[in-house]
Amino acid sequence: MPHTHRTHPSELERNPQAQRKPTGPGGEQMPQAMEASTSLMPPTPRGISEDLLGEVVREDLCLHDDEIMHIALRKEAISLVPYLLRKYSSSESVSDTDMLSHIKRDYRRYFPLIIDKASVFMQLLFGIELKEVDPILHTHVLVIVAGITYDGALSDVQGMPKTGLLIIVLFIIFMEGNCATEDVIWHVLNEMEVYSDREHFLYGKPRELLVEDFVFEQYLKYEQVPGSDPIAYEFRWGPRAYTETTKMKVLEHWAKVSGLDPMAFPTLYEEALQEDQGASTHGTASLIEE
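Scoring rules and cut-offs
Residues numbered from 1 in each chain as written. Predicted model: local features only at pLDDT ≥ 70, side-chain atom pairs only at ≥ 80, totals over all residues. Heavy atoms only, no water. Helix = DSSP H or I, 4+ residues; strand = E, 2+ residues; numbered from the N terminus. Buried < 20%, exposed > 50% of the residue type's maximum accessible area, 1.4 Å probe, protein only. Polar contact = N/O pair within 3.5 Å; in protein donor to acceptor, adjacent residues only side chain to side chain. Contact = heavy atoms within 4.5 Å. Pairing = 2+ DSSP bridges. Axes fitted to C-alpha atoms, helices over the stretch in contact; angles between N-to-C directions. Salt bridge = Lys/Arg side-chain N within 4 Å of Asp/Glu carboxyl O. Parallel < 35°, antiparallel > 145°, perpendicular 65-115°, else oblique. Left-handed = near helix turned anticlockwise from the far one by under 90°. Nonpolar A, V, L, I, M, F, W, Y, C, P; charged D, E, K, R; others polar. pLDDT = per-residue confidence, 0-100.

Mapped onto the secondary structure, His140 falls in strand β3 (residues 139–144). Residue His140 is classed as buried on the basis of its relative accessible area, which comes to 9%. A distance of 2.7 Å separates a polar atom in the side chain of His140 from a polar atom in the side chain of Asp96. Once residues lying within four places of it in the same chain are set aside, the contact partners of His140 are Ser93, Val94, Asp96, Met99, Leu130, Lys131, Glu132 and Val133.

Spelled out as C-alpha cells, the structure:
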C-alpha cells in the first residue's frame, strides 16, 4: 500500500465500530446508502429505464410479508428515478400529484415512504436533491446538492449527472484526513460496484471521470505521492470544491443518505464545524475592515 502524508488518522482508524458495514466511505454504517448503491447496479450497461426497472425480485414464498412489501416499495421508488431525471434535465418542477401518477394504485398510500426512497437514490447516485419550493401546492424542484454547480451530464454518458460520484469521492478524501491514495478511493468504490477498469451504466468510464474530468473542473487534485516507490498517486480536494461546498455540507449530505446524524462521525463533525466557524469569523472580520 503506497504511503501518503496525512496530518491525522482517518475516521475509520479512530472509530473501529464504524466497520460493521464496510460498503461505503471508510466502511461506516450506511443502511439507506447501501441499499441505494446496490439496488441500482445491473450486470450490464443497458438503457437507463431498463436498468432501473429491470431489478430482479426474489420470488421466495418463505419471505415475510414486511420484506415483500419492502421490495415492492423499493421497486416503486426505482420506477420514479427515470422520470425525475427527465424533469431535472429539462429544468421542470414536479408536484406530488405528478409523482403519485407514476406509482401503482395499490401502493399510493405508501407515497411518503416511496418518495423518501426515491430521494435517497437520486441524492446518492446522481447528487440531485428533490427540494420542496411550495409547501401549499407541494411542488418540488430538482437541484444539485451541497452547493456544487457541475453535474457532468455532458461527459461520458450523455445526460447522466455525475455529482453523486464526485461527492462520494470528496467524502472519502475528507474521511481519510483530507488526502486519500488512489488505492483507497478504488477500494471503497469497488465495494459500491464502481470499478476503474469497467464501464459503468451510470458513470461511463469512472477512472476518466476522476483523473480527467473532475481534475479538469478543479474539484479534485490528482498528484504523485512524494517519495512513493513504486509510484503511487493520491487525491485531494481541488480549489473549486473548496469554493463551492464545505466539509460540513458534504458530511451532512452523506449522513442524510446514510440515515445517520452527522454527529455519528464525531471527529469529522468537529473538524467541519471548526472550518465553518473559521470561515464565518473571517467573513465578519472582512466586513468590519470594509
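A separate point is the sheet that holds β3. Spatially, 3 strands are ordered β1-β3-β2 in an open sheet, and the strand pairing comes out antiparallel. Looking at the sheet topology across the chains shown, the edges are occupied by β1 (94–95) and β2 (128–134).

So, on to the sheet that holds strand β4 (residues 180–181). Taken together, the 3 strands give an open sheet; going across it, the order is β4-β6-β5, and neighbouring strands pair in antiparallel fashion. Strands at the two margins of the open sheet, each flanked by one partner only, are β4 and β5 (220–224). Note that β5 and strand β6 (residues 233–237) share 5 bridges and pair antiparallel. Looking at β6, one finds that Gln224 is bridged to Tyr233. Of the strands in this sheet, β4, β5 and β6 are in contact with helix α7 (residues 163–175), which crosses β6 at around 100°.

Right, let's get into the pairing of β3. Note that β1 and β3 share 2 bridges and pair antiparallel. By the bridge assignment for β3, Ser95 is matched with Thr139. Alignment of β2 against β3, held across 6 bridges, turns out to be antiparallel. Looking at β3, one finds that Glu129 is bridged to Val143.

Inspection of every chain in the model, using the stated rule, returns 8 salt bridges. For Glu129, the salt bridge identified is with Lys256, shortest N-O distance 3.6 Å. Taken together, the residues Glu129 in strand β2 and Lys256 in helix α11 (residues 247–258) connect sequence positions 127 residues apart. Take Glu129: its relative accessible area is 21%, and that puts it in the partly exposed class. Using a relative accessible area of 45% as the deciding quantity, one classes Lys256 as partly exposed.

To continue, consider the packing of helix α6 (residues 111–126) against α11. Packing of α6 against α11 leaves a shortest axis separation of 9 Å and a crossing angle of 140°. Viewed along their axes, α6 and α11 adopt a mutual orientation that is oblique. Remark: the crossing between α6 and α11 carries left-handed chirality. Where α6 approaches α11, its residues Val120, Gln123 and Leu124 are matched on the opposing element by His253, Trp254, Lys256 and Val257. Here the contact of α6 with α11 is composed, by residue class, of 4 nonpolar, 2 polar and 1 charged.

This next bit is on the confidence of the model for the protein chain. Taken over all residues, the pLDDT of the protein chain has a mean of 78, while the share at 70 or more is 72%. Mean pLDDT in the protein chain bottoms out at helix α3 (residues 48–53), which sits at 39, and peaks at β6, which reaches 97. Predicted confidence for residues 1–9 stays below pLDDT 50, and this span has 24 contacts to residues more than four positions away or in other chains. The low-confidence segment residues 15–64 (pLDDT under 50) makes 101 contacts with residues lying over four places distant or belonging to another chain.

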